[in-house]
Amino acid sequence: RRKLRTDVAAAFPNLSAEQLTEFIPNKEELNVIKIYSHKGEAVTVYMNSRNPILFEIEKALYPTVYTLWVYPDLLPAFSTWPPVLQKLAGGADLMLPGVVVPPSGFPQVERGTLCAVTLLGNRAPVAVAVATMSTAEMLAAGMKGKGFAVLHTYMDHLWEYGDKSCPPTLAPLVTDSAEKESAEDEEDIAEKEPVISFSNDPLQCADLGDLSLKEQDSCAILMGKEELNESRAAETAQDANTEVQQEAEDSRTPQEQMDALFNQCFFHALKCKVKKSDLPLLTSTFLRSHMFSCCPAGQQLDIKKSSYKKFSKFLQCMQQRKILQVKELNKGVESIVEVDWKHPDIKAFAVAEGFSSASAAQDSKSEDREQVYHAPEIIPLYGVSAKMVPLFQESGHRKGSILTSNEVRNIIINYVKTNELVDETNKNFVKVNAILCDCLLDKSEQDEISNLKWDDLLSRCLGRLQPLHQVTFFGQEPIVRKGNIEPIDITIAQRSSNKKVTIIKNLELYGLDPQCVANILQQKVQASATITPVPGTKDRVQVQIQGNQIHHLAKMLLEEYQLPRKYIQGLEKAPKLGRKK
């Protein structure tokens, strides 16, 4: 409690000692709650009298709207029109065209200053935000662009955790001379112009009070009209943002636009989709399930149309910027293992209006899109080993050359025909010359075998080449890995009390996220599913689910994911179904 009071005093030095004691009381109950935001950020919330009073993100303290209603002058405040509140509560940031310029001018703030957002006519704050530029920069920009990154608002989930009270009505602070001048103006033209009031605004529970005519005049000058059109405020902010984006896009090449789209979706996915608990995360899953879902309506990510050409190169670029770290946890399978959530580029990123609206419009579809899985194309390959070089050098290949089975077959057939090795008496056999003897026969066979059948010749040749395989995931470049691909391994293990569990390994090799598979299985079979490390390994994980679930797994892997049966091991261990009588 003492430490919190010290931290609050340091964060908000304009609080008096008496206010500080009232804010963090000595004897009243204080509660601490750990929560996660939708962005995946860990947040500490401090509660007093059933209301959240502070929240802490990355060791920085922020007041809630409940606190600001008690101490409305705790932060420098900027006003906006009441219709804008709905957009702020929906997750939008505050654009400068939506900020009202008061007669006395803006408070002087620097970039990164914590500010309060109020509604015109009421001093009670309705949002807590961070200024994205200084006051001088706002005015120099002609009041265009994004002015404030909004962290918390009246009517959001944090507000709902309290008693859900409405903002009080706090009259704006005016000087005596300004108040007198305003009153005189009102008497002069009260009969000519009606007083504008927002007391019937459905977004507010309390009467926000009437606007003074001086405020109307200043707003009218700002808007370039004689009357204040309140509904135009939110539209102005959105239109300004759209115009800036369109102007910038028109001057860029298609490749530059695709690069910008990849950057936008990348930071959007890291900030809004990926959580720390998701790591390590397959790069293919990150692209398919997270970045694709951040793409706005009417646009499509295509790495071939960007300057990167390959998604792995794009991630290498981000790794060089020290935003994330990518490692090959399994052979040929890259995963994002670490993200620097405090990186300035991530912290400074804000979802553009067009992107947020598109994501909101497609929320119902995004979950389905995340579940879409395309089975990879797997092609067995063969590498020429040092012992097999004599057999392949005639066709121009050397040690390390990579071939498909058809290419190997054609090379062998051409070699046999060129060297006239087909048995004249029986064309199903091939005569074994010195090179075939050294390459294909064991020492014990070299004195005994003089002829080989075609099938035996080809199978021996393939068996003595170095096994490789090529995997092509949807929307990505092919990946060549050494060895034969390990099948998805399904086993049944016996636990205490005669309980069985189903264990699934090697899902990552096929572009399947173990956590996603565990979640889907858990929903389908209504059984507990967990992710555990594979025994004897450091970075590999396996899915473990209660009961013998091989029937459900077979349906998911074979029918839904369209994986070939030859790449799944253990389906024969499914429980036998009883016959219907």
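Throughout what follows, the structure given in this document is the object of discussion. (Residues numbered from 1 in each chain as written. Predicted model: local features only at pLDDT ≥ 70, side-chain atom pairs only at ≥ 80, totals over all residues. Heavy atoms only, no water.)

**Notes on the overall build of the protein chain**
Part 1 of the argument: Within the protein chain, the secondary structure is distributed over 21 helices and 24 strands.
Part 2 of the argument: A total of 581 residues make up the protein chain; the buried ones form 44% of that total.
Part 3 of the argument: For the protein chain, restricting intrachain contacts to residue pairs at least 6 apart in sequence, the fraction spanning at least 24 positions comes to 58%.
Part 4 of the argument: Counting every atom, the protein chain has about 31,900 Å² of accessible surface; 49% of that belongs to carbon and sulfur. (Helix = DSSP H or I, 4+ residues; strand = E, 2+ residues; numbered from the N terminus. Buried < 20%, exposed > 50% of the residue type's maximum accessible area, 1.4 Å probe, protein only. Contact = heavy atoms within 4.5 Å. Areas by Shrake-Rupley, 256 points an atom, 1.4 Å probe, with all protein chains shown as cover.)

**Here we look at the packing of aromatic side chains**
What describes a pair of aromatic rings is the distance from one ring centre to the other and the angle between the planes of the rings.
Part 1 of the argument: Summed over all chains, the structure comprises 15 aromatic pairs.
Part 2 of the argument: Where Phe266 meets Phe267, the ring centres are 5.1 Å apart and the plane angle is 80 degrees; that geometry is what we call edge-to-face.
Part 3 of the argument: Relative accessible area serves as the criterion here: at 7%, Phe267 is assigned to the buried category. (Phe/Tyr/Trp six-rings, centres within 6.5 Å; stacked < 30°, edge-to-face > 60°.)

**Concerning the nonpolar core**
Part 1 of the argument: Counting residues in hydrophobic clusters, the biggest one holds 34 residues, and the most contacted among them are Ile488, Ile490, Tyr510, Leu512, Leu557 and Leu563.
Part 2 of the argument: Among the elements of the structure, strand E20 (488–494), helix H20 (514–525), strand E23 (541–546) and helix H21 (550–560) are those that each provide at least two residues to this core.
Part 3 of the argument: When residues in this core are grouped by element, the largest group, six residues, is from H21.
Part 4 of the argument: Sequence-distant contacts of Leu557, that is, excluding residues within four places in its chain, are made with Ile488, Ile490, Leu512, Gln562, Leu563 and Ile568.
Part 5 of the argument: Counting 31 residues, the second-largest nonpolar core is a separate cluster that includes Leu270, Cys295, Leu315 and Met318. (Core = buried A, V, L, I, M, F, W, Y, C linked by side-chain atoms within 4.5 Å.)

**Description of the sheet that holds strand E7 (residues 99–100)**
Part 1 of the argument: Pairing within the open sheet is mixed, and its six strands lie in the order E6-E10-E9-E8-E5-E7. Only two strands of the sheet have a single partner each, and these edge strands are strand E6 (94–95) and E7.
Part 2 of the argument: Note that strand E5 (residues 77–80) and strand E8 (residues 114–119) share four bridges and pair parallel. By the bridge assignment for E8, Ser79 is matched with Thr118. (Pairing = 2+ DSSP bridges.)

**Structural notes on the environment of Asn428**
Part 1 of the argument: When you line up the elements, Asn428 lands in the loop between helix H17 (405–418) and strand E16 (429–431).
Part 2 of the argument: Judged by its relative accessible area of 52%, Asn428 is exposed.
Part 3 of the argument: With 23 residues separating them in the primary sequence, Asn428 and Asn451 have C-alpha atoms 9.8 Å apart.
Part 4 of the argument: Once residues within four sequence positions are removed from consideration, Asn428 is found in contact with Leu452, Lys453 and Trp454.

**Here's the deal with H20**
Part 1 of the argument: In this model H20 runs 16 Å from its N-terminal to its C-terminal C-alpha over twelve residues, within 8% of the 16 Å that 1.5 Å per residue would give.
Part 2 of the argument: Every buried residue belonging to H20 is among Pro514, Val517, Ala518, Ile520, Leu521 and Val525, and all of these are buried. On an axial view of H20, the arc spanned by its buried residues comes to 170 degrees, and they lie on one face.
Part 3 of the argument: Of the residues flanking the start of H20, the one acting as N-cap is Asp513, its side-chain oxygen 3.0 Å from the backbone nitrogen of Gln515.
Part 4 of the argument: Where H20 ends, the next residue or the one after it, Gln526, has phi of about 55 degrees, a positive value. (Expected span 1.5 Å × (residues − 1). Arc of directions from axis to C-beta. Polar contact = N/O pair within 3.5 Å; in protein donor to acceptor, adjacent residues only side chain to side chain.)

**A short note on the sheet that holds strand E12 (residues 324–330)**
Part 1 of the argument: Read from one edge of the open sheet, three strands run E11-E13-E12, paired in antiparallel fashion. A strand with exactly one partner marks an edge of an open sheet, and here the two such strands are strand E11 (281–282) and E12.
Part 2 of the argument: Judged from the six bridges that link them, E12 and strand E13 (residues 333–339) form a sheet pairing that is antiparallel. Within the sheet, the bridge partner assigned to Lys327 lies in E13 and is Ser335.
Part 3 of the argument: Its contacts with the sheet place helix H12 (residues 311–320) against E12 and E13, and it is angled at close to 130 degrees to E12. (Axes fitted to C-alpha atoms, helices over the stretch in contact; angles between N-to-C directions.)

**Notes on the pattern of salt bridges**
Part 1 of the argument: Applying the stated criterion across every chain yields a total of twelve salt bridges.
Part 2 of the argument: One salt bridge in this structure joins Lys304 and Glu477, with 2.1 Å as the shortest N-O distance. Linking Lys304 in the loop between helix H11 (283–291) and H12 with Glu477 in the loop between strand E18 (466–472) and strand E19 (479–482), this pair joins segments that are 173 residues apart in sequence.
Part 3 of the argument: Overall, the relative accessible area of 25% leaves Glu477 in the partly exposed class.
Part 4 of the argument: Three or more residues joined by partner-sharing salt bridges are found here, namely Glu445, Asp456 and Arg460. (Salt bridge = Lys/Arg side-chain N within 4 Å of Asp/Glu carboxyl O.)

**Re the packing of H11 against H12**
Part 1 of the argument: With their axes 11 Å apart at the nearest point, H11 and H12 run at an angle of 95 degrees to one another. Relative to H12, the element H11 lies roughly perpendicular. Taken together, the residues of H12 that come into contact with H11 (itself represented by Thr283, Phe286, Leu287 and Met291) are Phe311, Phe314 and Leu315.
Part 2 of the argument: A breakdown of the residues in the contact of H11 with H12 according to their chemical character gives six nonpolar, one polar and no charged. (Parallel < 35°, antiparallel > 145°, perpendicular 65-115°, else oblique. Nonpolar A, V, L, I, M, F, W, Y, C, P; charged D, E, K, R; others polar.)

**Focus: the packing of H17 against helix H19 (residues 454–464)**
Part 1 of the argument: Two numbers describe how H17 lies on H19: the axes approach to 10 Å, and their chain directions differ by 125 degrees. Viewed along their axes, H17 and H19 adopt a mutual orientation that is oblique. Like other packed secondary-structure pairs, H17 and H19 cross with a definite hand, here right-handed. Here H17 contributes Ser405, Val408, Arg409, Ile412, Ile413 and Val416 to the contact with H19, which in turn contributes Trp454, Leu457, Leu458, Cys461 and Leu462.
Part 2 of the argument: Looking at the contact of H17 with H19 residue by residue, the class counts come to nine nonpolar, one polar and one charged. (Left-handed = near helix turned anticlockwise from the far one by under 90°.)

**Remarks on unusual backbone geometry**
Part 1 of the argument: Going from Leu279 to Pro280, the amide bond is cis rather than trans, its omega being -5 degrees.
Part 2 of the argument: For Pro280, the location among the structural elements is in the loop between helix H10 (254–272) and E11.
Part 3 of the argument: Within the chain, Met155 stands out as a residue other than glycine whose phi angle is a positive 85 degrees.
Part 4 of the argument: Here Met155 is to be found in the loop between strand E10 (146–153) and helix H6 (157–160).
Part 5 of the argument: For Met155, a relative accessible area of 28% puts it in the partly exposed group.
Part 6 of the argument: The phi dihedral of Glu420 falls on the positive side, at around 50 degrees, and the residue is not glycine.
Part 7 of the argument: Accessibility expressed as a relative area gives 66% for Glu420, which makes it exposed.

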